[in-house]
Amino acid sequence: MSHLAAAAAPIAAAPLSLRTRLLLEGPVARTLLVLAAPNVLVMVLQAAVSTLDAVFVGWLGSAALAGVSIVFPLVMLMQTMSAGGMGGGVASAVARALGGGRRADADALVIHAIVIALVMGGAFTLTLEVAGPALFHAMGGRDEVLAAAVTYSRVIFGGAVAYWLFNTLSSAIRGSGNMALPATVMVATGIVYLALSPALILGWGPLPRLGIAGAAVASVLSFGLGSLVLLAFLYSGRSLVRPSLRGQGLRQRLFWEILRVGAPGSLNTILTNLTVVILTALVGPFGATALAGYGLGARLEYLQILGSGLVTMVGTSIGAGDRARAVRVAWVGAAMAAGITGVIGILAALFPLAWLGLFSSDPGVLAAGTRYLTIVGPFYGFFGAGLALYFASQGAGRLLWPLLAGFTRLVIAAVGGWLATRWLGGGLSVIFAAMAAALVVFGIINVAAIRLGAWRARGGRST
């Protein structure tokens, strides 16, 4: 007993930083909004970069644009897995360590996270180098389109480590409660990319004309530079966490702290991307205008800004042993997310052209997008609540039920849509109704899981 008390004493006595105390004691709603504010800026930037990226590549012709479009889902898989899946595991582990006063563990977790990032980045590079051409061919790439996809992919995934490091280091800093620094660096990398991409594509000034590879080179360079900035901050003395093993070497326990949340989170990103691929395939037979209309309408599903704040606040509270506050943060975040996304969805359903008209004037596109928003939009609140509780569960280190909710959403949307079109002869409206039902069930499962005690400890292990 005395041995245990002696071991616990340093942890109990470890001082908490002002930022950590704010996460543990500050007003929940106000703190969540403060943490979410930088994400709004990042969302605006990402939208601008995504739009201009298509414009720049479009200068090279339709084959180049189609080639990038084929590679894009895999790039998004890498980004969401490193930032939201494994990145959520990193942020959650760091937040729990800091909340529990385990500063040495928090510092060491950053090193362990970097090791995971290097391994995962290398895995993406090797996999896409070996299997990429065959995969792109299976996705419809032929001739010039396939050549463009392979060229773009080899540069992007050749630099996969840069993306994994950037998102991993950003997640570690967010886990300490600092949302502003990663957002600021993300904005800077976006500006660098927007300056470099057209110059390298077309060969402005002394720069070489690289064509489609130029866009990829600009992206890898911008994320690589961003990673160096984040690493410099972590070692500057201004960061709450500083990468260090303190002579203890790599430890299985700390890898597990990250992977027990990051691995299920990464699987969830695969399910999410698979859902998008399958639903796109279901809508595809109805024509290009239907596909475009669905794509424009579905973009509203991604207006989620509370995620990283919930991971950090819940993780810090769980680490401090304050489960009641963690649950309260989750419910407040879910209510805020449901309110925001619910209002957005209802407004989109009532005034769909206000959104769709920003992107297209094609009657077919507007008709399909209007049908989607009218049917699915009123149920966005369920999706907002469910996604918020998924992020909160990342912070708590309890991802079983959110993962099952994501799988159920995939089954209902994909299988329901397929059965409706193949057996019932339904059109787009039936497919969109299946999507709406999937969002409702996704939200209900996540709400019910936490309400029924999914975060309660069972034998000291996560559920």
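What comes next is a walk through the structure. (Residues numbered from 1 in each chain as written. Predicted model: local features only at pLDDT ≥ 70, side-chain atom pairs only at ≥ 80, totals over all residues. Heavy atoms only, no water.)

## Let's talk about the overall build of the protein
Thinking step 1. A tally of regular secondary structure across the protein gives 18 helices and 0 strands.
Thinking step 2. Within the protein, contacts between residues at least 6 apart in sequence are counted, and of these 83% link residues at least 24 apart.
Thinking step 3. With the model as given, the accessible surface of the protein reaches about 19,700 Å², and the carbon-plus-sulfur share is 71%. (Helix = DSSP H or I, 4+ residues; strand = E, 2+ residues; numbered from the N terminus. Contact = heavy atoms within 4.5 Å. Areas by Shrake-Rupley, 256 points an atom, 1.4 Å probe, with all protein chains shown as cover.)

## A look at the environment of T316
Thinking step 1. Here T316 lies in helix 12 (residues 307–319).
Thinking step 2. Assessed through its relative accessible area of 1%, T316 is described here as buried.
Thinking step 3. Counting along the chain gives 295 residues from T316 to R21, while the straight-line C-alpha distance between them is 9.3 Å.
Thinking step 4. Here T316 is in contact with T20, L23, L24, A95, R96 and G99, once residues within four sequence places are set aside.
Thinking step 5. Within the structure, the side chain of T316 is placed 2.7 Å from the backbone oxygen of T312, a separation counted as a polar contact. (Buried < 20%, exposed > 50% of the residue type's maximum accessible area, 1.4 Å probe, protein only. Polar contact = N/O pair within 3.5 Å; in protein donor to acceptor, adjacent residues only side chain to side chain.)

## Quick word on the pattern of salt bridges
Oppositely charged side chains are able to pair whenever their charged atoms sit close together.
Thinking step 1. For the coordinates displayed, the defined rule picks out 6 salt bridges.
Thinking step 2. The salt bridge involving R102 is made with D105; its shortest N-O contact spans 2.7 Å.
Thinking step 3. Judged by its relative accessible area of 9%, D105 falls in the buried class.
Thinking step 4. The partner of R251 in a salt bridge is D105, with the nearest N and O atoms 3.8 Å apart. (Salt bridge = Lys/Arg side-chain N within 4 Å of Asp/Glu carboxyl O.)

## Structural notes on the packing of aromatic side chains
We describe a pair of aromatic rings using the distance from one ring centre to the other and the angle between the two ring planes.
Thinking step 1. Scanning the entire structure with this criterion turns up 9 aromatic pairs.
Thinking step 2. Ring geometry for F379 versus F382: centroids 6.5 Å apart, planes at 35°, classification tilted.
Thinking step 3. By relative accessible area, F382 is classed as partly exposed at 35%. (Phe/Tyr/Trp six-rings, centres within 6.5 Å; stacked < 30°, edge-to-face > 60°.)

## Some remarks on the packing of helix 5 (residues 103–138) against helix 10 (residues 252–283)
Thinking step 1. Here helix 5 crosses helix 10 at 70°, and the two axes come no closer than 9 Å. When the axis of helix 5 is compared with that of helix 10, the two are roughly perpendicular. Residues D105, A108, L109, H112, A113, V115 and I116 of helix 5 lie in contact with helix 10, whose contacting residues are R253, L254, F255, E257, I258 and L259.
Thinking step 2. Residues belonging to the contact of helix 5 with helix 10 are distributed by class as follows: 9 nonpolar, 1 polar and 3 charged. (Axes fitted to C-alpha atoms, helices over the stretch in contact; angles between N-to-C directions. Parallel < 35°, antiparallel > 145°, perpendicular 65-115°, else oblique. Nonpolar A, V, L, I, M, F, W, Y, C, P; charged D, E, K, R; others polar.)

Everything listed here is a matter of geometry and, on its own, says nothing about what the molecule does.
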